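Here is what each chain is made of, one letter per residue.
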Amino acid sequence: MLDNMNFYNFMHKQILIVIALFISTGAGYIYMGILYSSFLPELLWFILLLGVSYWGYSLYRIYLNINLNIQDKENWLQDLRYFLFTYFSLWTIMFIMYTSRDSIELHYIAIATQLGVSVVSATVLVSQKKLVIITLASLMLPLTIYFIIVGTFYSYLLAFFSVVLGGVLLYAARNTFNYLVKSQYQAYHDYLTSLGNRRYFIEQLEDAIKVQKQDKRDIYLLLIDLDHFKTINDSLGHDIGDILLREVAKRMHTLCKKYNNNVSRLGGDEFCILSSSFQNKEDCLQSGVDFAKELLEVIKQSYIIEGHHLYISASIGVSLITNPQMKASTFIKEADIAMYEAKSQGRDGIMLFSEELSTRVERKLEVERLLHFALENKEISLVYQPQMNGKDEIIGCEVLVRWHNEQLGHVGPGEFIPISEQTGLIIELGHYILEESFKTLREWEGKGIILQQFSINISMRQLFHNTFVQEVEELSSIYLTKELCSKIVFEITETSVAEDINQLIHNMNTLKSFGIRFSMDDFGTGYSSLSYLRQLPLNELKIDRSFVCELDSTSPDGSMIKTILDISRNLNLSTVAEGVETLKQKEFLIENNCDILQGYYLAKPMKKEAFEKLVL
Ligand code: C2E
Ligand code: CA
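Keep in mind it's a predicted model, so treat the numbers as computed, not measured. (Residues numbered from 1 in each chain as written. Chains lettered and ligands numbered in written order. Predicted model: local features only at pLDDT ≥ 70, side-chain atom pairs only at ≥ 80, totals over all residues. Heavy atoms only, no water.)

*Asks:* How would you explain the site of ligand 1 if you had to name every residue and give the values?
*Replies:* Of all residues adjacent to ligand 1, which total 21 residues, the nearest are Arg-402, Asp-521, Arg-545, Glu-581 and Tyr-600. The separation between an oxygen atom of ligand 1 and a polar side-chain atom of Asp-522 is 3.0 Å. Relative to its free-state accessible area of 790 Å², ligand 1 is covered by the protein chains to the extent of 84%. Judged by the fraction of its atoms near the pocket grid, ligand 1 is located in the largest pocket. Those elements that place two or more of their residues in the shell around ligand 1 are β9 (394-405), α13 (413-423) and β13 (517-523). Considering every element that reaches the shell around ligand 1, the biggest residue donor is β9, with four residues. Tallied by class, residues from the shell around ligand 1 come to eight nonpolar, six polar and seven charged. (Near = heavy atom within 4 Å. Polar contact = N/O pair within 3.5 Å; in protein donor to acceptor, adjacent residues only side chain to side chain. Areas by Shrake-Rupley, 256 points an atom, 1.4 Å probe, with all protein chains shown as cover. 1 Å grid on protein atoms, 1.4 Å probe; cavity = no way out; pocket = protein on both sides within 12 Å on 5 of 7 lines; lining within 4 Å. Sits in = over half its atoms within 2 Å of the grid points. Helix = DSSP H or I, 4+ residues; strand = E, 2+ residues; numbered from the N terminus. Nonpolar A, V, L, I, M, F, W, Y, C, P; charged D, E, K, R; others polar.)

Take a look at the structure:
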């Protein structure tokens, strides 16, 4: 259904055209008056025409000047209809006036003008279904009556023709109207789901902001993005993807109707919902979250499409329209930020926009942007944290990456490594880290620094990348001997296991054939499972810092550490404890036969030169 909303603009543009046309033609009647020496009636009529024109002009100005909401526009359109009907009716007055005069030329002029005005009304009022009928009838009927009153054979024929012409004009107006409706529909609706499209949504949102400004009522905005929709498209084809989108849209639409909300499709698998207004912010917020939860449940119910049982979840961002000073695009951006956060927190969830979230996301985007140039600008460096045995001898080190940016200062790897993983930059960064580490190891060997092991962190994304194994092979053939290769320990995390254990085992075994060893980093914090520990070709377990830290507080007896050490021993793995910060921790670990210690108490991560000084 097409609402009036899209016609406000259309009608608005018509006003000036009609006024210009009527005043210029109306002036012709003054001339006629002078010619036929009846100046006064024409002048009075023309003054009336000017007065009504001014009314039209003020309506034009109202639309131009004031920020109208939908209700205001509705009222404005009603006024405009009265104006137009009055304006067109003025010509009927003139028609009656001229056809009641004796001069036949004046009759001709009146008939021609009335016909002309009828055509103009059918063209200008095309978008106003009822108004065009009433106006045309009020213009054509006097003409028909006139022909009938004349009472000759030809005038009856003309009366009949005028009725036919009226019908044709109405038919043409209706046809144009239908065409307009269709093109408006196409401009404002999404072809696939029949929901409103982005343009429709933005206009609706802009109107909602105006209402908010006047009524001080709050509205919530939901941005919904389906999770992994691309996978469905890629694996089952676009036809199934389209049907699924239509089905999801239908469910959303049904739920929205229940709450008087409005849903549009912004594009792809992204939808937006705008609520009706609420008395206060708290109610609005609560309703927004409740609605989002219900919506998520509805979306997640299974779909049967062409024999396929499909499941899909969504990530939903919620923002509130409480500040009418902001633009529509800002509200969408806020909901977008919240939606992305919901995605990065594992998808299938709802996130509320907040300033704190915005700051976090902005920082993330900034880090992401600058990280792109970090390698090129030589901002990335490596530090080495010594690893010691129970006799305080340095037996190895862990390579840790550092990033110093002019604008951001020092950014910790805990912050930029996950970002580089999400953006795929880790591949390039990881390659650089590997190459630099290998160079250092070779350089140290040349300087007589003999270590038992040299640990490098490998991120999951890097490990599963299809060129990783080849990359390691190439780099080690350039920089390392077989002997040096056997000192390398790749630290992997438990998240790698959750990906694809078979692929992981395959990659690990190939790397193992080069002599490389493996350590399970941050052990105990992730998806720890004894069965995978047995399956993976590991050499070492690294007890997570949090367990070492517990020794001083929640778990002074170190039961967790003892358990991990037992597991490690049973699996024939060596054990490293990281994050050793106190003498007490160190003594406990040595007492319990932990093989290797690493932590600030023993030595902090340091530059290559400092490490060399320490060991030589
Ligand atoms: P991780 O692998 O668990 O690294 C140990 C982290 O603990 C390092 O933080 C290290 O500086 C810190 N640490 C060492 N001893 C102590 C201690 O006694 N107390 C405390 N509080 N911290 C200690 P860093 O360098 O900030 O690294 C954080 C994480 O970033 C690493 O955690 C690792 O997951 C990642 N990372 C660092 N370098 C690399 C790298 O080259 N490649 C990859 N893929 N990830 C890296
Ligand atoms: Ca590590």
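*Asks:* How would you explain the coordination of the calcium ion (ligand 2) if you had to name every residue and give the values?
*Replies:* Expected angles at a metal are 109.5 degrees for tetrahedral coordination by four donors and either 90 or 180 degrees for octahedral coordination by six donors. Within the protein, the atoms that donate to the calcium ion (ligand 2) are Glu-398 (OE), Asn-457 (OD1), Glu-491 (OE) and Asp-521 (OD), at distances of 2.1 to 2.3 Å. Spacing between the donor residues of the calcium ion (ligand 2) along the chain follows E-x58-N-x33-E-x29-D. With Asn-457 in strand β11 (residues 453-457) and Asp-521 in strand β13, this pair connects stretches of sequence that are 64 residues apart. (Donors = N, O, S within 2.8 Å, 3.2 Å for Na, K, Ca; no water.)

*Asks:* Just give me the short version of the packing of aromatic side chains, but keep the residues and values in it.
*Replies:* Under the definition given, this model contains 27 aromatic pairs. Taking the centre distance of 6.3 Å and the plane angle of 35° together, the rings of Tyr-384 and Phe-454 count as tilted. Placement of the pair is Tyr-384 in strand β8 (residues 380-388) and Phe-454 in strand β11, with a sequence separation of 70 residues. According to the relative accessible area criterion, Tyr-384 is buried, its value standing at 2%. In this structure, Arg-101 is placed above the aromatic ring of Tyr-98, and the distance from its NZ or CZ to the ring centre is 5.3 Å. The ring of Tyr-600 carries Lys-604 above its face, with NZ or CZ at 4.8 Å from the centroid. (Phe/Tyr/Trp six-rings, centres within 6.5 Å; stacked < 30°, edge-to-face > 60°. Buried < 20%, exposed > 50% of the residue type's maximum accessible area, 1.4 Å probe, protein only. Lys NZ or Arg CZ within 6 Å of the ring centre and 35° of its normal.)

*Asks:* Pulling in residues and values, what's your account of empty space enclosed by the protein?
*Replies:* Scanning the model with the defined rule gives one cavity of 30 Å³ or more in all. Volume-wise, the largest cavity comes out at about 30 Å³. In terms of lining, the largest cavity is formed by Leu-441, Trp-444, Glu-445, Ile-449, Ile-450, Leu-451, Leu-484 and Lys-487. Per-element accounting of the lining of the largest cavity gives the leading share, three residues, to helix α14 (residues 426-446). A breakdown of the residues in the lining of the largest cavity according to their chemical character gives six nonpolar, no polar and two charged. (Points joined across faces, edges and corners; volume = space filled by probe spheres on them.)

*Asks:* An account of the nonpolar core is needed here, citing residue identities and associated values.
*Replies:* The biggest cluster of nonpolar side chains holds 77 residues, and the ones touching the most others in it are Trp-403, Phe-454, Ile-456, Phe-490 and Leu-511. Residue contributions to this core peak at eight residues, all from α14. If near-sequence neighbours (up to four positions away) are discounted, Leu-511 is found in contact with Leu-463, Phe-468, Val-469, Val-472, Phe-490, Ile-516 and Phe-518. (Core = buried A, V, L, I, M, F, W, Y, C linked by side-chain atoms within 4.5 Å. Contact = heavy atoms within 4.5 Å.)

*Asks:* Outline the sheet that holds strand β7 (residues 349-352), supporting the account with residue identities and numerical values.
*Replies:* Two modes of strand pairing occur in sheets, parallel and antiparallel, and in both the strands are linked by backbone hydrogen bonds. Spatially, five strands are ordered β2-β3-β1-β6-β7 in an open sheet, and the strand pairing comes out mixed. Strands at the two margins of the open sheet, each flanked by one partner only, are β2 (262-267) and β7. The sheet shows a mean angle of 20° between the axes of neighbouring strands, taken without regard to direction. In the packing of helix α10 (residues 281-300) onto the sheet, contacts are made with β1 (219-226), β3 (270-274), β6 (314-321) and β7, and the angle to β1 comes to roughly 25°. (Pairing = 2+ DSSP bridges. Axes fitted to C-alpha atoms, helices over the stretch in contact; angles between N-to-C directions.)

*Asks:* How would you summarise the layout of surface pockets if you had to cite specific residues and measurements?
*Replies:* Of the volumes computed, that of the largest pocket is approximately 1,400 Å³. If you go around the largest pocket, you meet 43 residues; those closest to its centre are Ile-417, Asn-457, Thr-493, Asp-521 and Asp-522. Put simply, the parts of the chain that give the lining of the largest pocket at least two residues each are β9, α13, α14, β11, α15 (460-463), α18 (494-499) and β13. Of all the elements, α13 adds the most residues to the lining of the largest pocket, at six residues. Of the pockets and cavities examined, the second largest pocket occupies roughly 650 Å³. As for the second largest pocket, its lining consists of 17 residues, and the residues nearest its centre are Tyr-340, Lys-343, Ser-344, Lys-364 and Gln-422. Of all the secondary structure elements, the ones that give two or more residues to the lining of the second largest pocket are α11 (328-344), α12 (355-374) and α13.

*Asks:* Tell me about a nonpolar patch on the surface, residues and numbers included.
*Replies:* Among the surface-exposed residues, Phe-153, Tyr-154, Leu-157, Leu-158, Phe-160, Phe-161, Val-164 and Val-168 lie close enough to one another that they form a single nonpolar patch of about 830 Å² accessible area. Look at Val-168 and you get partly exposed, because its relative accessible area is 47%. (Patch = residues over 30% accessible without salt bridge, like charges linked within 9 Å, V, L, I, M, F, W, Y side chains within 5 Å. Salt bridge = Lys/Arg side-chain N within 4 Å of Asp/Glu carboxyl O.)

*Asks:* How would you explain the pattern of salt bridges if you had to name every residue and give the values?
*Replies:* The full count for this structure, using the stated rule, is 22 salt bridges. Between Arg-569 and Asp-566 there is a salt bridge, and its shortest N-O distance comes to 3.2 Å. Linking Arg-569 with Asp-566, this pair stays in helix α22 (residues 559-570), spanning three residues, or about one helical turn. Residue class for Arg-569 comes out partly exposed when judged on its relative accessible area of 42%. We classify Asp-566 as partly exposed; its relative accessible area is 40%. Residues joined by salt bridges that share partners form a network here, namely Glu-398, Glu-491, Lys-542 and Glu-578.

*Asks:* Explain the packing of α11 against α12 to me, and be specific about the residues and the numbers.
*Replies:* For any two helices packed against each other, one specifies the crossing angle of their axes together with the interaxial distance. Where α11 meets α12, the axes come as close as 10 Å, and the angle between the chain directions of the two elements is 75°. Considering their axes alone, α11 and α12 lie roughly perpendicular with respect to each other. Within the contact between the two elements, α11 uses Ile-337, Ala-338, Glu-341 and Ser-344 and α12 uses Leu-357, Ser-358, Arg-360, Val-361 and Lys-364. For the contact of α11 with α12, a count of residues per class yields four nonpolar, two polar and three charged. (Parallel < 35°, antiparallel > 145°, perpendicular 65-115°, else oblique.)

*Asks:* Break down the packing of helix α4 (residues 104-124) against helix α5 (residues 129-150) for me, citing the residues and quoting the values.
*Replies:* Across the interface, α4 lies against α5 with an axial gap of 9 Å and an inter-helix angle of 160°. If you check the angle between α4 and α5, you find them roughly antiparallel. Both α4 and α5 take part in a crossing whose hand is left-handed. Counted together, His-107, Ile-111, Gln-114, Leu-115, Val-117, Ser-118, Ser-121 and Ala-122 of α4 and Val-132, Thr-135, Leu-136, Ser-138, Leu-139, Met-140, Leu-143, Tyr-146 and Phe-147 of α5 form the full contact between these two elements. Here the contact of α4 with α5 is built from residues that sort into eleven nonpolar, six polar and no charged. (Left-handed = near helix turned anticlockwise from the far one by under 90°.)

*Asks:* Which residues make up the pairing of β9, and what are the values?
*Replies:* For β9, the tally of buried residues reaches ten of twelve residues, placing the bulk of the element in the interior. Sheet topology places β8 next to β9; nine bridges connect them, and they run antiparallel. Within β9, the position partnered with Tyr-384 by the bridge is Val-399. For β9 and β11, the ladder comprises four bridges, and the chain directions are parallel. Residue pairing across strands places Val-399 opposite Ile-456, the latter belonging to β11.

*Asks:* Can you lay out the environment of Leu-616 for me, pointing to particular residues and giving the numbers?
*Replies:* Along the chain, Leu-616 turns up in the segment after α24 (608-615). With relative accessibility at 61%, the residue Leu-616 sits in the exposed group. Sequence separation of Leu-616 and Ile-449 is 167 residues, and the distance between their C-alpha atoms is 7.0 Å. When neighbours within four sequence positions are excluded, Leu-616 is seen to be in contact with Lys-447 and Ile-449.

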